[in-house]
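Understanding the architecture of this molecule
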Amino acid sequence: MTRTFKHRHLLGIEELEAEDIFLLLDLSERFLEISERPLKKVPTLRGKTVINLFMESSTRTRGSFEIAGKRLSADVINQSSSGSSSSKGETLLDMAKNLGAMNPDVVVVRHRAAGTAHFLSRHLDASIVNAGDGMHEHPTQALLDCATIRRHKKQFEGLEVAILGDVSHSRVARSDILALTKLGARIRVAGPRTLLPIGLESLGVEVFDRIESAIEGADVVMALRLQEERQRSGLIPGNREFSRFFGVDNSRLALAKPDAIVMHPGPMNRGVEISPEVADGPRSVILEQVTYGVAVRMAILYLMAGSESTE
Amino acid sequence: MTPSEGNGGLVERKVVLDVVGIENTLESLTRELIEAHPPDTDILVVGIHTGGAHLASRIASLLAKNGVSVELGMIDITLYRDDVFIGLPRPEVGPTQLPSSIAGKTIILVDDVLFTGRTVRSALDELIDYGRPHCVQLAVLVDRGHRELPIQADFVGVSIETTRQHSVRVYLTESGSPEDRVILYESENRS
Amino acid sequence: MTDLYLQRGRLIDPSSGLDQEGDLLIREGRIEALGPDLTPPEGIRVLDARDLWITPGLIDLHVHLREPGQEYKETIESGCRSAAAGGFTAVCSMPNTTPPNDSRAVTEYILRQAQIANSARVYPLGAISEGQKGERLAEIGEMAEAGICALTDDGFPVMDALLMRRALEYGRTFGLTLCQHAEDSCLSKGGVMNEGIHSTRAGLRGIPAAAETTMVERDIRLVELTGAHYHVAHISTSSAVEAVRQAKARGLPVTCEVTPHHLYLTDHRCLTYDTSTKMNPPLRTDEDVEAMRVGLADGTIDAVATDHAPHSSIEKDIEFEDAAFGIVGLETALPLVLNLVQDGLLTEMQAIDRLSTGPARIYQLPGGSLQIGSVADVTVIDPEYRWQVDPEAFESKGRNTPFTGWNMTGRAIFTVVGGQVVHEQERTTS
């Protein structure tokens, strides 16, 4: 049976079905192999233009998309901008129209505001790939997380995944919760209530106050990045206290299943949400996440560059 | 897929090869390969995913039976196709498995049917990206003519006369067919 | 020419409970006679009102006309035309202009511009505090003299309870109702939509219902303290409606208004990041919409007011988080309220009451009545008129509506202000 991918854009995991996610994961496994070849390049996207529009600082995601595009032989153009609203008198709409005039096939967008990918998809003919929009979604990160989890755990059904820390502000957490739930895993979240968004239970998530309860018996332990400004905006008393009660360290990790893996979307604050021993320890698969990142993004660019705007 | 189903718009014209025919053809191809290469040749048999890969595997076994040991690999040419984005993108990309180095090897590229030559062109591009082999030779089960590129097979099982409206399909038990067969079809509505 | 004769319509007047077929005679800008047995005087302009309703002119308590200062969004002239097109004979304009209406000079300017526009009437609200900064009282007495109809710092909730108390007391001295944009702006800080599962899903910062309710509850205590008339602008949460219901039951002088969109739409709509679903107060939950409808029907909610807030593409065709709050409403309000009659929620009489007589009562405005001697502000409505919302056809400069493409039933055919027809809609119903 031939599988099809019916989406023109990758705006979020929300729009995907489980079968779409599995298709992307399977395809990513193929692209993983290309990165291991002596000549890490295939000619597939020759003559296709991919614009990386990064309006919020990012080095690793942008780099990952750039490598993915180049390994597929696409012409990859990086555009950066502060993304602050009309700071230069140019609105996002102006920018979209200007990009559209250059006829890109795919626009990869990162922006501080939620919904930016949706916005561009309404104003551009190109396929839009969301590389992180505000606190909303970061779908390629969720896909690479799923790919990494599948490599170690083989299947998702019944898997217990603990997502810890600043869930409120994390687009990674949102996309991971959506993706893993669709694939049949069970999600637990824990962190200070000031950093947990309301209504998570209605997404089928189990919410804990203390991370020990969430880690106990988990197959996957994922620590989220705590941004410096959370302390400044009064959501937590301070990083020291956060680390003491909500940091993933070896003694807390011991509560997880013996074969549990540790993940982090990066960049890490060692000693805040994750201790150095855990981050660099034997259970950490953090660097595998990065490797899968390129493969997943190759799969996405491949499918997006070939989708027809007329359909 | 079996010959009796899933061939929308196609009418079976004739059986080109049956089980025995395929077996005999592969054996004679194997003999030709042995005769064409000195005993110490560093041979890598590479099948084109999927049909060619199964045939390559059978040929490697036949060579082994005759005391010739070769390496076996396979390639998927989806990402090298010149028509990859005509129609919908193909979400299925098959595996490519080659030794870490192909430099200096004599590569026997195996496919089931040689038609326009475009698949072979893609496969050659992909192989060259892996390194610099000593030479690449092409072995096919069926050559049905109508080349669109200057590509010829070095080893041909059977050559048949066809028109462009014909379709030649190779069914192998490895792909789930009940028995090995090569069938020539004609398009039902030739408007 | 301020004489007019409306012939053979259905007269509906909530101020007197009148509902019968008949004619209406207007002389010199006032209603002179009405009923089934009239004949048109010689030489008067006669409007055929067969199959139409003749109602007191609709009054919108909550409109942003943007002038002075933001004329690219709306002017008094375009806003009044928009009002007339929607069947409104009068609008109450909010003071958050540039400069804000916190002085006699601005009030007089607005009234002068309205006179020139010569369309719907404008009753300006004056700012509670100087510059709407929430620090010290504006010159309320002077503005009252100049003609403001009520007080508000709309858009800038009065957070300081002491200032609020003083405003209630001082406003009462001049007979002015105090209209509060009820929102605890500390609780709602940074929010762009209702807080709930959908804000979590959209990754947008939420405004909790409690931000509105706690403010309404605080203010009700201050009403108890001061005895002043307090009006809640654009109420949106079930708990705030309940607070008003209880305050009314205790006999306190508390009133409130609801927008048409809070009677129909929920925060689920924000998931598309369509900025025409971004307003403040935000779209709430199904439960809240239900509470708005119940409250409107049982009279807890006194009026439907649009919170007409025109913005240009500069404020709206941008990122959701950065987009301005607010939508236009003048030209879509009437059919949305009439649809509640179709739904069996309101009687015809109640629908007209919430759009006309109710609002007039809250700020003690002229109009809201067809009784003899009343000012001849009259709206003639075709309750069966079917049309589709096309923002490009709006009289308002604003195009920001969440109702684009909606199929509406009901439209104002004649909008009459002081006996003068200021808007006339062709009756080619499709």
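Further up the page is the structure itself.
Note that the structure is a prediction, hence the values are computed from the model and not measured.

Turning to the interface of chain B and chain A, a few remarks are in order. Facing the 19 residues of chain B at the interface are 26 residues of chain A. The junction of chain B with chain A conceals about 1800 Å² of combined surface from both sides, 60% of it contributed by carbon and sulfur atoms. Together, Leu79, Phe85 and Pro91 of chain B form the three largest contributors to the area buried by chain B at its contact with chain A, with a combined 37%. At the boundary of chain B with chain A, the tally comes to 1 salt bridge. A salt bridge links Arg37 of chain A to Glu126 of chain B; the nearest nitrogen and oxygen atoms lie 3.2 Å apart.

To continue, consider the nonpolar core. Residue and element names in this part refer to chain C. Ile54, Val216, Tyr230, Ile235 and Val378 are the most contacted members of the largest nonpolar core, which totals 96 residues. With 7 residues, the top contributor of residues to this core is helix H10 (residues 333-342). For Ile235, the residues in contact, after removing those within four places along its chain, are Glu212, Ala240, Val241, Val244, Cys256, Glu257, Val258, His262, Met292 and Ile301.

The next subject is unusual backbone geometry. The omega torsion across His49 of chain B and Thr50 of chain B is 0°, close enough to zero to call that bond cis. Looking at the secondary structure, you find Thr50 of chain B in the loop between strand S2 (43-48) and helix H2 (51-65). The peptide bond linking Thr98 of chain C to Pro99 of chain C adopts the cis configuration, its omega dihedral lying at 0°. Locating Pro99 of chain C in the fold gives a position in the loop between strand S7 (88-93) and helix H2 (104-117). The backbone of His146 of chain B sits at a positive phi, close to 65°, despite the residue not being glycine. Looking at the secondary structure, you find His146 of chain B in the loop between strand S5 (135-143) and strand S6 (155-159). Located in the positive-phi region is Asp51 of chain C, a residue other than glycine, with phi close to 65°.

Residue and element names in this part refer to chain A. Scanning all chains against the criterion turns up 55 salt bridges over all chains. With a shortest N-O distance of 2.9 Å, Glu66 and Lys70 are connected by a salt bridge. Placement of the pair is Glu66 and Lys70 together in helix H2 (residues 60-71), with a separation of 4 residues, close to one helical turn. We classify Lys70 as partly exposed; its relative accessible area is 38%.

Attention now moves to the interface of chain A and chain C. Accessible area lost on assembly of the parts is the figure often given for the size of an interface. With 26 residues of chain A at the contact, the number on the chain C side is 18 residues. For the chain A and chain C pair, buried surface summed over both sides reaches about 1800 Å², with 54% attributable to carbon and sulfur atoms. Among the residues of chain A in contact with chain C, Ala114, Met135 and Ile198 of chain A are the three that bury the most area, contributing 26% of the side total. Between the two partners, chain A and chain C, sit 3 salt bridges. Arg112 of chain A is the salt-bridge partner of Asp322 of chain C, the closest N and O atoms lying 2.8 Å from each other. For the pair chain A and chain C, the number of links is 8 residue pairs in polar contact (both at pLDDT 80 or more). Among the secondary structure elements, those contributing two or more residues to the side of chain A that touches chain C are helix H3 (92-100) and helix H4 (116-123) of chain A. No other element matches H4 of chain A, which puts 4 residues into the side of chain A that touches chain C. Its residues assigned to classes, the side of chain A that touches chain C comprises 10 nonpolar, 11 polar and 5 charged.

Scoring rules and cut-offs
Residues numbered from 1 in each chain as written. Chains lettered and ligands numbered in written order. Predicted model: local features only at pLDDT ≥ 70, side-chain atom pairs only at ≥ 80, totals over all residues. Heavy atoms only, no water. Contact = heavy atoms within 4.5 Å. Buried area = accessible area lost by both parts, 1.4 Å probe. Salt bridge = Lys/Arg side-chain N within 4 Å of Asp/Glu carboxyl O. Core = buried A, V, L, I, M, F, W, Y, C linked by side-chain atoms within 4.5 Å. Buried < 20%, exposed > 50% of the residue type's maximum accessible area, 1.4 Å probe, protein only. Helix = DSSP H or I, 4+ residues; strand = E, 2+ residues; numbered from the N terminus. Polar contact = N/O pair within 3.5 Å; in protein donor to acceptor, adjacent residues only side chain to side chain. Nonpolar A, V, L, I, M, F, W, Y, C, P; charged D, E, K, R; others polar.

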